[in-house]
Every structure is written in C-alpha cells, then in structure tokens.
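Below are the chains, spelled out letter by letter.
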Amino acid sequence: AVSTYFTVSLIFWYLGLIPDFATIRDRAKDPIRKFIYGLLSMGWRGSNRQWTHYEKAYLVLAGISTPLVLSVHSVVSFDFATSVIPGWHTTIFPPYFVAGAIFGGFAMVLTLLIPCRWLFGLQDLVTTKHIDNMCKIVLLTGTIVGYAYMMELFIAWYSGNPYEWHAFLRNRIADPYIIGPAAGVPPAPYWWAYWAMMFCNVIVPQFFWFKSCRQKAWLVLILVMGPNIGMWFERFVIIVTSLHRDFMPGAWGHFVPTINDIRLFTGTIGLFVFLFLLFVRFFPM
C-alpha cells in the first residue's frame, strides 16, 4: 500500500514539473544546467498535442491518487485495529486515520506555503482565496477528527469492556492522581498529552469559522501550528498510552524519551527542511 502510494505520488509530482523544467531549460545559460533540465523536461516543447496528452495523464493520475489516499491510510490503521490492544482494537480507525491524514496534510502544506508565498512574492499566484479554501478544509477535517475522538470514547464506554474503558479513562483522559488510584495499578500521567491533542486538533481549527481568521496569512500560519503539534501528539497518545501497560505486569512503567529519541525527532525535522530547501533552490517551486 505504501509503495504504491509513493510511486503514484512521485509520478504525479514529477509530471506536474515537466513544463516548468522545460521553462528553466530554455532560460538556462550554463550548458550543464541546460543539459540536466533538458533531461528532466523529457523533450517538452509545449505543443497542443503534448498539452492534450499531459492534461489527460494528469487527470488519470489524480483519479488514481484520490482512492489511494483512502486505501493507504485505511491499511495503515488496520495495523492497529486488527490487534487486541485496548485503545487500538476499534473499527473507527480507517475513516479516523483518513480524515486525520487530510487534516494534518493541509495544515503542513499551509505551514510551508505561507512563508514561501511571503518570501518569494507569490501573492498573485497563491491568493487569499486559496488560503481561505484550505482553511475550510482544515476546519472540516478537524471537526471530523474531533467526532472520531468522541466516538472512540463512546465505543470504549458502550462496549462494556473494562480494559478498553480503563485505557481511555486512566491512561488518557484523567490524571490518575485526581480520580484516585485503582487497586494495584500505578498512575500513568499521560493525560496532558491527550488534552494537548484535543486542544490542538479540535479546538484550534474552530477559529477558522471566522472569516477574519482565514483572511490573515500570518494568523493562519500561527493557527495551523496547532494541527501540526496535535497530530504528533495523536500518534504519541495512540502508541504510548496503549502500550505502556502491556499484558505483563513488568511492563507497567512510564515512557520517558531519551536524548537519542529527541535527537532522532529533531533530526527528521532537520532532514525534511533540508530536502525542502533543496527543492526550492533547484526545482520549479
């Protein structure tokens, strides 16, 4: 599923760049740059025949990519949902993960788009209307994700499964020190991560109901940092709060990130920013 998604996305991405590679090829004065961009543009000349084929191919790839979004994130969610771990074993995961992927994806695109729009003077290309529409998508999908969080709680309570309800009540929602310790169960203070997730993913996007919040690019940039942070906390909550109390009593402990965990996390952000800046420098942004 992941390799198919990657392949189609890569082809879709590259196909969109071909006419722009040709433009850079035609403007290049350095023969090496001209040769490299000539290879990348694959002989593009901009004829009517080429544009006709290009638009048809682009439409076909867009049509393939759309159901792939649904299938890939559903398959990823099955990795969790088909287990018997409390907190994972639920059928709401596929639509919940799909909505979360679109939600986090649009927020991430806005995070990259708005600074580039300002730095490179792309206000006429990326208009306020584009940002406004993207904010509406973030609002819609954020509300769907919030509904999924509520349904998770309802399913855990309505199922009557004490382990499932315990995972949500004591591992996620409430500080065990506040609601009182359960017999033989040590406290697990991860409630702050759950509420950080709820605030960032459900409350923050609701500001996009207001047109004034959608029209100011700098304010949109601040608000979409909420979903970026919240979606990271969602992964933390799903994985850590479900796994830290396993079926073995010896597994009852707290997850504390080591310095290597922190370095790995910051390193992935650094690698992504590095590759993105390389793209902005050498490819038609």
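See the structure above.
Summary of the structure given here. (Residues numbered from 1 in each chain as written. Predicted model: local features only at pLDDT ≥ 70, side-chain atom pairs only at ≥ 80, totals over all residues. Heavy atoms only, no water.)

**Describing the nonpolar core**
Inclusion rule: Think of a nonpolar core as a cluster: buried Ala, Val, Leu, Ile, Met, Phe, Trp, Tyr and Cys residues, connected wherever their side-chain atoms sit within 4.5 Å. Remark: exposure states derive from per-residue accessible area (1.4 Å probe, protein chains only) relative to the maximum for the residue type, with buried under 20%, exposed over 50%, and partly exposed in between. Counting from the N terminus, the helices are DSSP H or I runs at least four residues long and the strands are E runs at least two residues long. Residue contacts are counted whenever heavy atoms from the two residues lie within 4.5 Å of one another.
Within the largest apolar cluster, 46 residues are counted, with the highest numbers of intra-cluster contacts made by Tyr96, Leu110, Ile131, Phe208 and Val220. If you tally residues by element for this core, the top one is helix 10 (residues 217-243), at 11 residues. Setting aside anything within four residues of it in sequence, one finds Val220 in contact with Leu110, Ile114, Ile131, Cys135, Phe208, Cys213 and Arg214. Counting nine residues, the second largest nonpolar core, distinct from the first, contains Leu15, Ile18, Ala22 and Leu68.

**Considerations on unusual backbone geometry**
Located in the positive-phi region is Met42, a residue other than glycine, with phi close to 55 degrees. Inspection of the secondary structure puts Met42 in the loop between helix 2 (31-41) and helix 3 (48-81).

**Considering the layout of surface pockets**
What counts, and what does not: The definitions used throughout rest on a 1 Å grid laid over the protein atoms alone, on which a cavity is an enclosed set of points accommodating a 1.4 Å probe that cannot get out and a pocket is an open set flanked by protein within 12 Å on both sides along at least five of seven lines; lining residues are those having an atom within 4 Å of a point. Grid points are joined across faces, edges and corners, and a volume is the space filled by probe spheres set on the points.
In this model, the largest pocket occupies a volume close to 2,500 Å³. For the largest pocket, the lining is made up of 48 residues, of which Gly105, Met108, Val109, Leu112 and Phe272 are closest to its centre. The set of elements that each furnish at least two residues to the lining of the largest pocket consists of helix 1 (2-27), helix 3, helix 4 (93-119), helix 10 and helix 11 (259-282). The dominant element in the lining of the largest pocket, judged by the number of residues it contributes, is helix 4, at 12 residues.

**Observations concerning the packing of helix 5 (residues 128-158) against helix 10**
Heads up, the rule is: Think of each axis as a best-fit line through the C-alpha atoms, taken over the contacting stretch in the case of a helix, with angles from 0 to 180 degrees between the N-to-C directions. We call two directions roughly parallel when the angle between them is under 35 degrees, roughly antiparallel when it is over 145, roughly perpendicular when it lies between 65 and 115, and oblique otherwise. Two helices that cross are described as forming a left-handed crossing if the nearer one is turned anticlockwise from the farther one by less than a right angle, and a right-handed crossing if clockwise.
Contact geometry for helix 5 and helix 10: axes closest at 12 Å, N-to-C directions at 30 degrees. By the angle between their directions, the pair helix 5 and helix 10 is classed as roughly parallel. The handedness of the crossing between helix 5 and helix 10 comes out as left-handed. On the side of helix 5, the interface is formed by Ile131, Cys135, Val138, Val145 and Tyr149, while helix 10 contributes Ala217, Val220, Pro227 and Glu234.

**What about the side chain of Asn201?**
Tracing the backbone shows Asn201 in helix 8 (residues 191-203). Setting aside its immediate chain neighbours within four residues, Asn201 contacts Phe103, Gly142, Tyr149, Gly226, Pro227, Gly230, Met231 and Glu234.

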